[in-house]
Amino acid sequence: MERFVEKPKLTSVLDDSQALAGFSRLSVAMVITNPNSDDNPIVYINDAFERITGYQRSTVIGRNCRFLQGPETDQESVRQIRSAIEAGEDVTVDIVNYRSTGESFMNRLLIAPINGVNGKPVYFLGIQKELRDEELDRSHDETRLHLDTVCSRVSKDLGLIVSSLVDRGEDATPVNEEDRRKQLRMLDVLPRRLECLQFVYEEMKLADEQWNRDGVDLGSLLSRISHTIAHNEGRPGVRFVSLVEPLEVNLETAIRVALITFELVSNAFQHAFDGLDQGYLELRVNRLAAGGLRMTIADDGVGIPAKKAFPPPDSVGGRLVSALLEGLDATINVARGAAGTVVMIDVPVGFTDYRE
């Protein structure tokens, strides 16, 4: 008789089944700061930060987070934050902050370093959640645990991105103009990739809500990511088609494949149709009979020059794709035709997180 074993939820990798219960792009504020620039300025905020604080991106990028403080802000909490950042350590505080209107609110703030290869912080990630009166009355430890696990997951995944990009010393404090240009390229990498990661977390939460799911639905995830890119970067005359089979993969595979898709589809929209009025771009993902999956990204654009390496090792996105492919033990083949390019990636992965 076949024995059935209850499969743990995907969010068990976060050590708490409700860790992402309140998480979405609009519920938990995220901030990234750069400690290697003067005064540790903000380099990224998400939509939730704007909604909670009332401050727009254009008014906060480049500023230190202290503008959220005010008359009722506890200076001991401020000292704890400052000391943790100076030491490159995690910290959690409940602190009174102020919206752009001057209204105060209680903010649960978690800060974690995103370290480079030398072990020093390249960035700091801040996870913020407004605590309303009814939440203040609930279990302090439970609310803190939920945010703590989200912060841990996000900082780990951003660390994956950073570690693939700083192998040439780009995690060091900039000492010349070339170092500063490298850091600016890094600043362009993290914010948009964080949005991509949040799609993964939402799919992971959905998987836990559906009793017959034991993995992240890669088909749904890649469709959402690719069509978001098409909406943001598409232009008249360029037609985009996504043909992705329903595939369930484990969380780590989903993160890497999602980031690869993000890089390659974005790159195609940005460069494949230079000087052209019309074009066709297709993303196709299929399960392989022998196991694993095959991703194909094809366009009929200007094509990649014959002697140009792909992914390009001299670009931030190219190096990230190479590192992600290596982590998946995946292979990549590039076909250059008379018109356009076909990029084919084979990923030798299984399709579920767990075994009975």
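Provided above is the structure to which this section pertains.
Note that the coordinates shown come from a computational prediction; the quantities given were computed from them, not determined experimentally.

Draft legend 1. Local environment of the sheet that holds strand 1 (residues 29-33). A sheet is described by the order of its strands in space; here five strands give the open sequence 2-1-5-4-3, paired in antiparallel fashion. For this open sheet the edge positions go to strand 2 (42-45) and strand 3 (91-98), each flanked by a neighbour on one side alone. Going from strand to strand, the sheet's axes swing by 30° on average, the running direction of each strand aside. The pairing of strand 1 with strand 5 (residues 121-131) spans five bridges and is classified as antiparallel. Within strand 5, the residue paired with T33 across the bridge is F124.

Draft legend 2. How the structure looks around the pattern of salt bridges. Under the criterion given, the structure shown has nine salt bridges. Between R66 and D39 there is a salt bridge, and its shortest N-O distance comes to 2.9 Å. With R66 in the loop between helix 2 (57-60) and helix 3 (75-87) and D39 in the loop between strand 1 and strand 2, this residue pair connects regions lying 27 residues apart in the sequence. Across the pair D346 and R294 runs a salt bridge, and its minimum N-O distance is 2.7 Å. In this pair, D346 sits in strand 12 (residues 341-347) while R294 sits in strand 10 (residues 293-299), placing the two residues 52 residues apart along the sequence. Connected through salt bridges with shared partners, the residues D47, E50 and R57 form a single ionic network.

Draft legend 3. Just the environment of L276, in detail. When you line up the elements, L276 lands in the loop between helix 8 (251-271) and strand 9 (279-287). Among the residues examined, L276 registers a relative accessible area of 30% and is labelled partly exposed. Taking C-alpha positions, L276 is 7.5 Å from G301, a pair spaced 25 residues apart along the chain. When residues no more than four places from it in sequence are discounted, the contact partners of L276 are R235, D300, G301 and V302.

Draft legend 4. Geometry of the pairing of strand 9. Both strand 7 (residues 238-244) and strand 9 contribute to a ladder of seven bridges, which runs parallel. Following the sheet pairing, F240 is matched in strand 9 by L281. As judged from the seven bridges shared by strand 9 and strand 10, these two strands associate in the antiparallel manner. In the strand pairing of strand 10, V285 is matched with M295. Hairpin connection, strand 9 to strand 10: the antiparallel pair is bridged by five residues, and G291 has positive phi, about 110°.

Draft legend 5. Up close: the environment of E252. Its place among the elements puts E252 in helix 8. For E252 and L328, which are 76 residues apart along the polypeptide, the C-alpha to C-alpha distance reads 9.2 Å. In this view, E252 contacts R153 and K156; residues no more than four positions away in its chain are not counted.

Draft legend 6. Representation of unusual backbone geometry within the structure. Following F310, the chain continues into P311 via a peptide bond in cis, with omega recorded as 0°. Looking at the element boundaries, P311 is found in the loop between strand 10 and helix 9 (316-328). Of note in this structure, D39 is not a glycine but carries a positive phi near 70°. Residue D39 is classed as partly exposed on the basis of its relative accessible area, which comes to 44%. Phi is positive for N40, which is not a glycine, with a value near 50°. By the element assignment, N40 lies in the loop between strand 1 and strand 2.

What counts, and at which threshold
Residues numbered from 1 in each chain as written. Predicted model: local features only at pLDDT ≥ 70, side-chain atom pairs only at ≥ 80, totals over all residues. Heavy atoms only, no water. Pairing = 2+ DSSP bridges. Helix = DSSP H or I, 4+ residues; strand = E, 2+ residues; numbered from the N terminus. Axes fitted to C-alpha atoms, helices over the stretch in contact; angles between N-to-C directions. Salt bridge = Lys/Arg side-chain N within 4 Å of Asp/Glu carboxyl O. Buried < 20%, exposed > 50% of the residue type's maximum accessible area, 1.4 Å probe, protein only. Contact = heavy atoms within 4.5 Å.

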